[in-house]
Amino acid sequence: MTNETVWKLITVFAILFVTLNVAAFLIWLERRLLALWQDRYGPNRVGPFGLLQVVADMVKVFTKEDWIPPFADKPVFVIAPAIIMLTIITAFAVIPFSPGIEVVNLNVGLLFFLAMSSLGVYSVAFAGWSSASKYSLLGGLRAAAQMLSYEVFMGLSLTGVVMLAGSFNLEDIVNAQKGMWFFVPQFVGFVVFFIAGIAETHRLPFDLPEAESELVAGFHSEYSGMKFGMFFVGEYLGITLISALIVTLFFGGWMGPVLPPIVWFTIKTFFFICVFILLRASLPRPRYDQLMSYGWKVMLPLSLLNLLVTGGILLATGK
Amino acid sequence: MPTIYIDNKPYEVKDGQNLLHACLSLGFDIPYFCWHPAMNSVGACRQCAVKQFRDEKDTKGKIVMSCMTPAADGTRISIDDPEVKEFRACVIEWLMLNHPHDCPVCDEGGECHLQDMTVMTGHDYRRTRFRKRTHRNQDLGPFVNHEMNRCIQCYRCVRFYRDHAGGRDFDVFASHHHVYFGRQKDGTLENEFSGNLVEICPTGVFTDKSLKRHYTRKWDLQTAPSVCMHCGLGCNTIPGERYGTLRRILNRFNGEVNGYFLCDRGRYGYEFVNSSRRTRQPFIRNKESGKLVPASREESLEYLSSVLYFGAKVIGIGSPRASIEANFALRTLVGPERFFSFGERNLKMISSIIDALKNGPARSPSLREIADSDAVFVLGEDVTNTAPLLALALRQSVRQRPMERVEKFGIPLWNDSAVREGIQDEKGPLFIAGTHATKLDELATETYHGAPDDLARLGFAVAHELDPEAPAVTNPGEDVSSLARRIANALRNSRRPVVISGMSSGSEELVHAAANAAWALCRTGKDAGLCFIQNECNALGLGLMGGRSLDEAFSLMEKGETDTAIVLENDLYGNSESFLVDKFLDKCRHVIVIDHLPSKTTEKAGLILPACTFAESNGVFVNNEGRAQRFFRVFVPSDEIQDSWRWLGDAMKVSRHPVSWETDDDIIASVSREVPILNLKDVSPPAAFRVAGQKIPRQPHRYSGRTAMHADISVHEPKPPEDPDSALSFSMEGYEGMPPSPLLTRFWSPGWNSVQSVNKFQSEVGGPLRGGDPGKRLIEPAKGGAVSYFQGVPASFEPGSERLFIVPLYHIFGSDELSLLSPGIAERTPAPYIALSRKDADSLGIAGESGAEVAASGQSCRLPVKVDDSLPHGVVGLFAGSSPLRGIALPLWGRVRKTE
Amino acid sequence: MFSLIRTMWTILLHMFRKRETVLYPEEKPYIPPRWRGRIILSRDPDGEERCVACYLCAVACPVDCISLQAAEDGHGRRYPEFFRINFSRCIFCGFCEEACPTYAIQLTNDFEMGEYVRQNLVYEKEDLLISGPGKHPEYNFYRMAGLSIKGKDKGEAVNEEQPVDVRDLMP
């Protein structure tokens, strides 16, 4: 085994370890932040600042009874939560955390991410279907339609970035932002991507697949124990992933003065995670038809327009 | 069909009803107190007021009592008129003036008609400032508790007790608001039906004293439809359970059988179920010590498998008080030719009874039909003591003939006091022939006392008088033949005559005589009823299943053709001569007894298996009418107790018997296949029956304490037990509406918490339950064909020179062993005695209440003597119950000697 | 769109507000007197058990966590032979107190009754019965009821006449 391979393996496991821990830590962070914005304290009893709440929650979720409803389609029911974990963790492979710290430097990195996030829809659709319960099925249907719709212009919104950078390679895209972060020329693209990202991770305000006030818990109504935990962690991994991508694509990735690149990357990602949580704290959920018409009637034309303008400008400036 | 207008809507009602009856039948809620469907109207309480209008134009109307107003064609009334509503609220306010602040400590609370009616009328606030009248209570004996303060003077109690049940020792005293319902002085209520006061009383004046000792509210009782097992009539009951013990028995209306009432033996005889003497686990006789020691289920199954090997010479002894299922399981295990049922004499009698009912033209009437009959001939039965509710029916039947006369005056039959005024003391024809004077004699047109053979001769003579083709009696004597002529005439001139006889006098000829009399009536074109009384709840069922006599079993054992006997819920010493049983059991290598209580037979057993009582198991009893009725498990038995047929099923499994059953329905299907006459399939809906996908709950929807009642044992609530055998569930969840009548677990309807809610379950108030009364008649008379009379008229009874003929004297309290374990019943049981005729007493030199020594069948004992003038010369009556002379099969010849 | 951003801003500013949470074990909250906490059984002014075992609390209980059995002393007074509340099921709704016709069952303002073993949350009569009357200190059910008990004969309750002499025919 060469030195390089060892180094690579260490990176892989370090990234895996860090992302999973971040996801777990986010459980605490979200509760704490929500409490902060609601004039409460949030979890503050277990360990310093309630930090060990994460550990307590993990102990709880791991030791819970692993219950599969007798009416569920067992193999699919079991496989569904694993898919979402797998796809999102795999998508992390292409994120350049800082120069040299990434699992794989793919020249189609962005496409890889889009591919992985498309696969994620299977998880939700499977979960909804296999639970054989009306609420789950409705949640699964909603999720499938929502994710497919928003994926369309998620991809389109990124085309501007690709055109500017001239590459699908994420490292190249970061490097292309040396002069100016892409959120300035691609502001519309950023907004569209951000909104599509919320919808892809089905976070509030676009959490219609779960919509606890209408659908109990949507596609994962029948899940409990660690299987539910996997959906839960999957959601937080999704937030991290989208935040990391926003940073990479629009906010110059690891770039920044004075501090080391990895710190910059972390700070920027953390900021966007907080924005995600703030969204949850402040915005109500739209109706489902509003969500769909918003996607197809506003976001899609907007991203096409963005594509057209970016293309036009690029042609005009002749780059 | 008259049409009446209620609040301007037309309704069709039945002819000859009063408005209250009609409105309640139509489903309207009108409050009432004094009216009762079985006792009709007197208009005493003024509660059922409605407004009557002359015609459409009449807007003013007048207030009338609906129970006293005929529902004539075109009657226009209003129930909802504000004035009449206010009137009803005022009436209840007056009734409540003196009603004490007792509900929390009143046993009627929660099933109180007064509570229901108060809520119905809307009275909720006491306005009077005056003092409440109080009364002192009386001790009315072990059955009924008295709390006179609560009385609202509806007069239902006296009307039931005196007019309906013929009691004398209870009445109404004093005047105006001092009116007092009770006895002349403290003392036990003597009537056999006193327990019905509990259900008759609309409030808490009369409450169940046995329930009081372990009091539970109606809403906390787990109940299931059941059938009384203390005599052969098969009255329908609702036993209630709480915390694993039976708390009370309530009447379950069955229009054809018991109607609204139960006898005290049926109502209070349940406490053997809770007895501390119950066998709760298997016992095996230890080989070394020879003592019975507790054993586990596995050990007992091992014992069974060691005894029931292939080719083992096993016989089974069935029981007339075990269900069809249990008897059939035993019959299947040992084989029909090794299945034994009754003693020789009883087997002959039951076979004759079945023969008479199956092959003759006379139909066995239900209790309702007997109450409706207008001429009755009782042959050799002390009905009050052997089949009490039949006596209540007979008390109604003597009114039928006079009522026809009263009806001609234009008095509607529902107008009770007018009808009684019209009837005065007139009574329809009722002829009673028995060995001794009975309580019903007071109603009888004529009575005749004689030895069983003489009674049979009278019966044969009556038959011959009615139809000359029936066998004649040689030398009947002038008095008998003229009596027979009078009886025959009375029966001939009636429309619905009934002949009643039974097994208690132990004479097969009597059964034949009764059958002949009824058949002869049928030959004259009458639809005569033929009713036979059996003392045990499933005697007819066991008889229909077949089986050989016990005496044959004894001789098989004697010859060594068998060495193992399985005895089912039976004390052999109660059915046969004890020296024979002793010999039998001593010779038997393995005696396996399945029973719920220890007995003399279990003392000799090698293996005792604990069986369920009626309250813990499902089963079918066939009553004296030939009506198969299913009873259901009220609660799950504790410890190792299981159904007898399940024990036998286990025995079949360990002995590799080809047949096996999983549920009660399996065994019922099996019975119906193997014994065609016992076609029990549609006696009740099967276990798979559901209404709207749900079972019928045994617990009311207000059942309390679900999460606390077992919390002292474990805070984790146990899962409710499953019931594979029936469509009932051990839970408060399930179908709340109206289940099919065989599955009625209780009577309750919104706003009607008391027993009066039965109105809502009947197709017409007082009529059959919706969907028909439960039970299925198994025996119908043969249609057409020649009548082949029973022959063999006995010779007349000749008193012995040395010996006397001992006949049994049955007692409602005392002759049924199981009910004796109820403290109340035990208290009412007389001490064992013998009764002698004056002539015999004089000739033996026994005077007054002194003692005598009785010797029969190799046993003797000393008993106090009662002189009974009605007993014929040469016949001596022996208390049939637990006396030192147990284990002799009466009647038989014996000796009586004066003791020094 | 602007309103969305303003909402988010307003929510963000809540970071700097005062916390509403009362940090309970360190800081004791105010418990109003009609608080529905731990259930007790009280005694009447004469020091006898007030409970007459009427089963109304049990039937009113929406979670069915009360079970009892009625018994009677030799003089007609009813009392519960056992009285059990499964506090692991109790939802402290207070229906039992409202249903109680004798003011026997009362909810107090003690709520600190946590246990590590669930079984310890099953309270029997000896755990529930207190020695005083609690609320409504004057009320004594048997002084109002028509039933006679030891020390109170017929006609001696509030607003009652002396028992009727049945043999008296005076109007």
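Residues numbered from 1 in each chain as written. Chains lettered and ligands numbered in written order. Predicted model: local features only at pLDDT ≥ 70, side-chain atom pairs only at ≥ 80, totals over all residues. Heavy atoms only, no water.

(A) Focus on the overall build of chain B. What chain B contains, in helices and strands, is 27 helices and 37 strands. Against the compact-globule benchmark of 29 Å for 900 residues, chain B has a radius of gyration of 28 Å, which places it among compact chains. The principal-axis extents of the C-alpha atoms in chain B amount to approximately 90 × 80 × 60 Å. The buried share among the 900 residues of chain B stands at 64%. (Helix = DSSP H or I, 4+ residues; strand = E, 2+ residues; numbered from the N terminus. Rg over C-alpha atoms; globule rule 2.2 N^0.38 Å. Buried < 20%, exposed > 50% of the residue type's maximum accessible area, 1.4 Å probe, protein only.)

(B) Focus on the sheet that holds strand 31 (residues 776-777) of chain B. Residues and elements named next belong to chain B. Strand order in the open sheet formed by three strands is 27-28-31, and the pairing between neighbours is antiparallel. The open sheet has two edge strands with one neighbour each: strand 27 (619-622) and strand 31. Summarising the sheet, strand 28 (residues 627-631) and strand 31 pair through two bridges and their orientation is antiparallel. Along strand 31, the bridge assignment pairs Ala628 with Lys776. (Pairing = 2+ DSSP bridges.)

(C) Fine view of the sheet that holds strand 2 (residues 66-72) of chain C. If you trace the three strands from one edge of the open sheet to the other, you get 2-3-5 (chain C), paired in antiparallel fashion. Looking along the sheet, the strands with just one partner apiece sit at the ends: strand 2 and strand 5 (122-123) of chain C.

(D) Representation of the pattern of salt bridges. All names here are of chain B. All chains considered together, the criterion is met by 78 salt bridges over all chains. As a salt-bridge pair, Lys14 and Glu764 come within 2.9 Å of each other at their nearest N and O atoms. Here the residue Lys14 occupies a position in the loop between strand 2 (9-12) and helix 1 (19-25), and Glu764 occupies one in the loop between strand 30 (728-729) and strand 31, the gap between them amounting to 750 residues. Salt-bridge contacts for Glu469 lead to Arg523; the nearest nitrogen and oxygen are separated by 2.7 Å. With a gap of 54 residues between them, Glu469 in the loop between helix 16 (452-466) and helix 17 (478-492) and Arg523 in helix 18 (residues 508-523) connect regions that are remote in the sequence. We classify Glu469 as exposed; its relative accessible area is 57%. A cluster of three or more residues bridged by salt bridges with shared partners is formed by Arg363, Glu369, Glu625, Arg627, Arg777 and Glu780. (Salt bridge = Lys/Arg side-chain N within 4 Å of Asp/Glu carboxyl O.)

(E) Seen up close, the packing of helix 10 (residues 344-359) of chain B against helix 18 of chain B. Residues and elements named next belong to chain B. Interaxial distance between helix 10 and helix 18 falls to 9 Å at its minimum, and their mutual angle equals 10°. With respect to helix 18, the axis of helix 10 lies roughly parallel. Counted together, Lys348, Met349, Ser352, Ile353 and Ala356 of helix 10 and Glu508, Val511, His512, Ala515 and Trp519 of helix 18 form the full contact between these two elements. Classifying every residue of the contact of helix 10 with helix 18 gives six nonpolar, two polar and two charged. (Axes fitted to C-alpha atoms, helices over the stretch in contact; angles between N-to-C directions. Parallel < 35°, antiparallel > 145°, perpendicular 65-115°, else oblique. Contact = heavy atoms within 4.5 Å. Nonpolar A, V, L, I, M, F, W, Y, C, P; charged D, E, K, R; others polar.)

(F) Fine view of the packing of helix 16 of chain B against helix 17 of chain B. Residues and elements named next belong to chain B. It is the contact of helix 16 with helix 17, at a shortest axis distance of 8 Å, that shows an interaxial angle of 55°. When the axes of helix 16 and helix 17 are compared, the pair comes out oblique. As helix 16 packs across helix 17, the resulting crossing turns out to be right-handed. Contacts between helix 16 and helix 17 involve Leu458, Ala461, Val462, Glu465 and Leu466 from the former and Val480, Ser481, Leu483, Ala484, Arg485, Ile487, Ala488, Leu491 and Arg492 from the latter. Here the residues of the contact of helix 16 with helix 17 sort into ten nonpolar, one polar and three charged. (Left-handed = near helix turned anticlockwise from the far one by under 90°.)

(G) Quick peek at the domain arrangement of chain B. Domain parsing of chain B yields domain 1 (3-95), domain 2 (277-363 + 528-684), domain 3 (379-487 + 499-516) and domain 4 (804-898). Taking only C-alpha atoms into account, the centre of domain 1 of chain B sits 55 Å from that of domain 2 of chain B. (Domains from an automatic or database assignment.)

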